Amino acid sequence: EPEVTQTPSHQVTQMGQEVILRCVPISNHLYFYWYRQILGQKVEFLVSFYNNEISEKSEIFDDQFSVERPDGSNFTLKIRSTKLEDSAMYFCASKRGQGDQPQHFGDGTRLSIL
Amino acid sequence: EDQVTQSPEALRLQEGESSSLNCSYTVSGLRGLFWYRQDPGKGPEFLFTLYSAGEEKEKERLKATLTKKESFLHITAPKPEDSATYLCAVPANSGGSNYKLTFGKGTLLTVNP
């Protein structure tokens, strides 16, 4: 069964450094998302992406964050100048079409900021 | 603002002891409700979509039901491998068809052998 793949599974970075989290969505999916989950808290929406542009972003998704689909398969989340509070699990998700179809999630990248 | 509340936060069952998890929601026009299972260190795994009150979906020992205000995930004769966190989520229509998900905090289910 097709699945969303995320790399790396764990990233440790010094505060102030830039990180890029990578995702390969399911191949025939058109809508892409990033969520994050701080330890012990809810899964929360960061950004949605469709047709090569951001569709919606949350208040969390400020100028520190950016997303890109550099080719036909990868979808990346870049965090510039990381802060301690950016430590969390970051999940990529994809959805095949418009409407209320389910989003399918990857297994996440655990980001630890030191 | 859409809200999703799940109860209980944690539930311990003996193998074979049936029970139900609750998800109550407040949304402006429900466009479906999703149930996911999340194992430790993993991403949410899609289980069910429910679209309208009265709808039911089943998968093995799990059955999800939906009313106008809440959804239940019934677990019949659970096994230890059903141990996981069960998440409920609703899509928000903020414009367009992107439907970001609003999640509840989840119910941590532990099934003891």
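Just above sits the structure.
These remarks concern the structure in this document. Bear in mind that the values here come from a model prediction, so they are computed numbers and not experimental data. (Residues numbered from 1 in each chain as written. Chains lettered and ligands numbered in written order. Predicted model: local features only at pLDDT ≥ 70, side-chain atom pairs only at ≥ 80, totals over all residues. Heavy atoms only, no water.)

Points about the layout of surface pockets
Item 1. In this model, the largest pocket occupies a volume close to 590 Å³.
Item 2. Together, 28 residues line the largest pocket, and Q37(A), G40(A), Q41(A), Q38(B) and T85(B) are the ones closest to its centre.
Item 3. Residue assignment for the lining of the largest pocket shows that the elements contributing at least two residues are strand 9 (88-95) and strand 11 (109-113) of chain A together with strand 1 (3-7), strand 9 (84-92) and strand 11 (107-112) of chain B.
Item 4. Here the residues of the lining of the largest pocket are counted per class, giving 11 nonpolar, 12 polar and 5 charged. (1 Å grid on protein atoms, 1.4 Å probe; cavity = no way out; pocket = protein on both sides within 12 Å on 5 of 7 lines; lining within 4 Å. Points joined across faces, edges and corners; volume = space filled by probe spheres on them. Helix = DSSP H or I, 4+ residues; strand = E, 2+ residues; numbered from the N terminus. Nonpolar A, V, L, I, M, F, W, Y, C, P; charged D, E, K, R; others polar.)

Brief notes about the environment of D86(A)
All names here are of chain A.
Item 1. You can see D86 is positioned in the loop between strand 8 (75-79) and strand 9.
Item 2. It is 7.5 Å that separates the C-alpha atoms of D86 and L111, two residues lying 25 residues apart in sequence.
Item 3. With residues near it in sequence (within four places) discarded, D86 still touches R36, Q64, F65, I79, L111 and I113.
Item 4. In this structure the side chain of D86 is engaged in a polar contact, spanning 2.8 Å, whose partner is the backbone nitrogen of K83. (Contact = heavy atoms within 4.5 Å. Polar contact = N/O pair within 3.5 Å; in protein donor to acceptor, adjacent residues only side chain to side chain.)

A few points about the sheet that holds strand 3 (residues 19-26) of chain B
The pairing of strands in a sheet comes from backbone hydrogen bonds and takes either a parallel or an antiparallel form.
All names here are of chain B.
Item 1. One open sheet holds the 5 strands; their spatial order is 1-3-8-7-6, and the pairing between them is antiparallel. A single partner strand is all that each edge strand has here, and the edge strands are strand 1 and strand 6 (56-59). Strand-to-strand twist across the sheet, computed as the mean angle between neighbouring axes with direction ignored, equals 15 degrees.
Item 2. With 6 bridges joining them, strand 3 and strand 8 (residues 70-75) adopt antiparallel strand pairing. Its bridge partner being in strand 8, S24 is matched across the sheet by E70. (Pairing = 2+ DSSP bridges. Axes fitted to C-alpha atoms, helices over the stretch in contact; angles between N-to-C directions.)

Section: the packing of aromatic side chains
Item 1. Scanning all chains against the criterion turns up 15 aromatic pairs over all chains.
Item 2. Here F49(A) and F75(A) contribute two aromatic rings whose centre-to-centre distance is 5.2 Å and whose plane-to-plane angle is 45 degrees, an arrangement assigned as tilted. A residue pair is termed long-range when its members are at least 10 positions apart, and F49(A) in strand 5 (residues 43-50) and F75(A) in strand 8 qualify at 26 residues. F75(A) matches F49(A) in its accessibility class, with the two residues each being buried.
Item 3. Aromatic ring contacts, followed pair by pair, group Y33(A), Y35(A), F45(A), F105(A), F34(B), Y36(B), F46(B) and F103(B) into a single cluster.
Item 4. Here K95(A) stacks its cationic end above the ring of Y31(A), 4.7 Å away from the centre of that ring. (Phe/Tyr/Trp six-rings, centres within 6.5 Å; stacked < 30°, edge-to-face > 60°. Buried < 20%, exposed > 50% of the residue type's maximum accessible area, 1.4 Å probe, protein only. Lys NZ or Arg CZ within 6 Å of the ring centre and 35° of its normal.)

Some words on the state of the cysteines
All names here are of chain B.
Item 1. Overall, the coordinates contain 2 disulfides over all chains when judged by the stated rule.
Item 2. Here C23 connects covalently by a disulfide to C88, the sulfurs 1.9 Å from one another. In this structure, the disulfide formed by C23 and C88 twists by about -60 degrees around the S-S bond and is classed as left-handed. Taken together, the residues C23 in strand 3 and C88 in strand 9 connect sequence positions 65 residues apart.
Item 3. A relative accessible area of 0% places C23 in the buried class.
Item 4. Given the relative accessible area of 0%, C88 is considered buried. (Disulfide = S-S within 2.5 Å.)

Observations concerning the environment of E55(B)
Residue and element names in this part refer to chain B.
Item 1. By secondary structure assignment, the location of E55 is in the loop between strand 5 (45-50) and strand 6.
Item 2. The exposure class of E55 is buried, given its relative accessible area of 18%.
Item 3. Note: C-alpha distance between E55 and T85 (30 residues apart in sequence) is 23 Å.
Item 4. Once you skip the residues sitting within four places of it in the chain, E55 turns out to touch T49, L50, A64, T65 and L66.

Details of the interface of chain A and chain B
Accessible area lost upon the coming together of the parts is a frequently used measure of interface size.
Item 1. Taken together, the contact between chain A and chain B spans 25 residues of the former and 23 residues of the latter.
Item 2. Summed over both partners, the interface of chain A with chain B comes to about 2000 Å²; 53% of that surface belongs to carbon and sulfur atoms.
Item 3. Where chain A packs against chain B, one counts 2 salt bridges.
Item 4. E56(A) is paired through a salt bridge with K100(B); the nearest N and O atoms lie 3.2 Å apart.
Item 5. The interface formed by chain A and chain B contains 5 residue pairs in polar contact (both at pLDDT 80 or more). (Buried area = accessible area lost by both parts, 1.4 Å probe. Salt bridge = Lys/Arg side-chain N within 4 Å of Asp/Glu carboxyl O.)

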